[in-house]
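Chain residues, written in single-letter form:
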Amino acid sequence: MHALRSAFLVVLILFAPFGEAESLSTAQIVQRTLHSISSCLDWRWVGNCFWSQCDLLGCEVSSSMKVRHYLPDLLVTVQRVPTDTPWTEMRHALSSTQSATTSSVFRPLSRQQFVGSGADVAVSSGHERNGDVRFFEASVFGHPLEALPLEVERLLCRSSIQAGKPYYQSSLDDFAWRFAPLESIHPAALIPGRREIGRTEEATWGAVYPRSGFVTQQSPVKAAAVIAQRACDILIGPRGQHVALELENPKPYTSVPTHLDERDAATGLWQMISPFVDPTCDLFGTQNPNWDFGRIDESRAFIWNLWRPYECCEPRGSIYLGAVHF
C-alpha cells in the first residue's frame, strides 16, 4: 500500500498542472517546500548510537550517527468553506465527502445560527455586530514530500506520517469546531495568558483555546494562523471531544515531540507557502507590523507547512546499547 501511495503522489508531482497561487498543485507544494529546506531543515549531528551484533564467534559493537533536524511533517490548509481546500488534488478527492457533510450538517446548524462562513463574518447570534470575529475551516494532511523516494536514511530521519492522509478535517469535526462553549471552560481558556499565540501575553494574535473555528482578530492572516495552530494542536495534543485520525508512531529509534507548544520552537515551526512563500520557518506571533503584507489574496485561503523536529539514529546491529550526546 505504501508503494502504491508513493507512486500515486509521485505521478501527481510530475504531471499536475500549475495553477494560481491560491490553488496549489502537489508539484507546487513540494517545490515551495524544497525552496526553503536549507533554512528550515536545521540538520545537526547530536551524538552517536551504539549497537551490538552477536554470532557464534562473539559480539561486535558498532556505532552510528544520531541526528536531529526538522521535517515538513504536516500540511495545513485554512479556507472559508470546506470545499475550497487550496490543495488542488485534495480538493477534487475530498469534494464529494465534504459536499455531503456540508449539506447534511450545515443546514440544521445554520437554523440555530451557530455555523460560521465567509471568513470575515461569523453568523453566530452573539457575533453579528463584531467585524473582527472571523471563521475559517481547517484541514491537516500528511505532507506529500514524504512520498518522494529519497535514499537518505543515513543522513535524515524518516517522517512517521503518511503522505496525503487527511488527518484532520474541521468539516467532519463540525460540532466541536463550531460550538466554542465545549472548550470554553478548559483552564487554558479561562486563565489569562495561557496558550496565547504571541511572544508576550500582552501582544497576542489569539488563544489556542477554545479550539474552534471562530477567532477575534483584526487581521485575516493572523486569524488564519491561529486556526492552523488550533487544528494541529487538536491532532498532536489532547484530543478532547474533537474528531481526528491518530498520528502514526515514530519509526524505530526515532523520536518526535508528542505535543505542540505555540511558544517553543523545539516542538514545531511554521512556513507559509500560499499565497506567500516564507523563505524561513518560525513560530507564529511575531510583532513585526509588516508581517501581513503580501500574505492575503481574494481567495482568503492559506497553506502552511508544520516542520517538526525529529531525532534518530540508523540501526547498525540487533541490540541497541544506548546513545551518547555531544
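Residues numbered from 1 in each chain as written. Predicted model: local features only at pLDDT ≥ 70, side-chain atom pairs only at ≥ 80, totals over all residues. Heavy atoms only, no water.

## Let's talk about the packing of aromatic side chains
The full count for this structure, using the stated rule, is 14 aromatic pairs. For the pair W87 and F141, a centre-to-centre distance of 5.2 Å together with 85 degrees between the ring planes defines the contact as edge-to-face. Of this pair, W87 sits in the loop between β2 (58-79) and α4 (88-111) while F141 sits in strand β4 (residues 137-142), and the two are 54 residues apart along the sequence. Given a relative accessible area of 0%, F141 falls into the buried group. Between F135 and F214, the aromatic rings sit 4.8 Å apart at their centres with planes inclined by 55 degrees, giving tilted as the arrangement. (Phe/Tyr/Trp six-rings, centres within 6.5 Å; stacked < 30°, edge-to-face > 60°. Helix = DSSP H or I, 4+ residues; strand = E, 2+ residues; numbered from the N terminus. Buried < 20%, exposed > 50% of the residue type's maximum accessible area, 1.4 Å probe, protein only.)

## A short note on the environment of P257
Within the element layout of this structure, P257 appears in the loop between β7 (254-255) and β8 (269-274). Spatially, the C-alpha atom of P257 lies 9.6 Å from that of E311, the residues being 54 residues apart in sequence. Look past the residues within four positions of P257 in its chain and what remains in contact with it is I236, A266, T267, R308 and P309. (Contact = heavy atoms within 4.5 Å.)

## As for the state of the cysteines
Summed over all chains, the structure comprises four disulfides. Disulfide partner of C54: C59, at an S-S distance of 1.9 Å. On the sign convention where negative is left-handed, the bridge of C54 and C59, at about 105 degrees about the S-S bond, is right-handed. Exposure remark for C54: the relative accessible area of 35% places this residue in the partly exposed category. (Disulfide = S-S within 2.5 Å.)

## Notes on the nonpolar core
Judged by nonpolar contacts, the single largest core of 40 residues is most densely connected at L74, V78, V140, C232, W270, F284 and W304. The set of elements that each furnish at least two residues to this core consists of β2, β3 (133-135), β4, β5 (166-169), β6 (214-216), α7 (220-236), β8 and β9 (302-313). At 12 residues, α7 tops the list of elements feeding residues into this core. Setting aside residues up to four positions removed in sequence, W304 forms contacts with L74, L75, V76, V78, V221, A224, A225, A228, W270, Q271, M272 and F284. Listed in part, the nine residues of the second largest apolar core include I29, L94, F141 and I303. (Core = buried A, V, L, I, M, F, W, Y, C linked by side-chain atoms within 4.5 Å.)

## Some thoughts on the confidence of the model for the chain
Put simply, the chain has an average pLDDT of 82, and 79% of its residues get 70 or more. The low-confidence segment residues 103-114 (pLDDT under 50) makes 22 contacts with residues lying over four places distant or belonging to another chain. Contacts for the low-pLDDT stretch residues 121-129, under 50 throughout, to residues beyond four places or in other chains number 15 contacts. (pLDDT = per-residue confidence, 0-100.)

## Focus on helix α2 (residues 26-35)
Judged by how many residues are buried, α2 sits mostly within the fold: seven of 10 residues are covered. Among the residues making up α2, those that are buried are T26, A27, Q28, I29, V30, R32 and T33.

## Side note on a nonpolar patch on the surface
Together, W43, W45, L155 and F326 make up a nonpolar patch on the protein surface, roughly 470 Å² of accessible area in all. If you trace the backbone, F326 turns up in the segment after β10 (319-325). (Patch = residues over 30% accessible without salt bridge, like charges linked within 9 Å, V, L, I, M, F, W, Y side chains within 5 Å. Areas by Shrake-Rupley, 256 points an atom, 1.4 Å probe, with all protein chains shown as cover. Salt bridge = Lys/Arg side-chain N within 4 Å of Asp/Glu carboxyl O.)

## Some remarks on the pattern of salt bridges
It is possible for side chains of opposite charge to pair when their charged atoms get near one another. Counted under the stated rule, the structure contains 13 salt bridges. Where E311 meets K66, a salt bridge forms, and the shortest distance between an N and an O atom there is 3.4 Å. Separated by 245 residues along the polypeptide, E311 in strand β9 and K66 in strand β2 bring together distant segments of the chain. For K66, a relative accessible area of 12% translates into the label buried.

## Re the environment of L145
Along the chain, L145 turns up in the loop between β4 and β5. When its relative accessible area of 11% is taken as the criterion, L145 is described as buried. Once residues within four sequence positions are removed from consideration, L145 is found in contact with V30, T33, L34 and P72.

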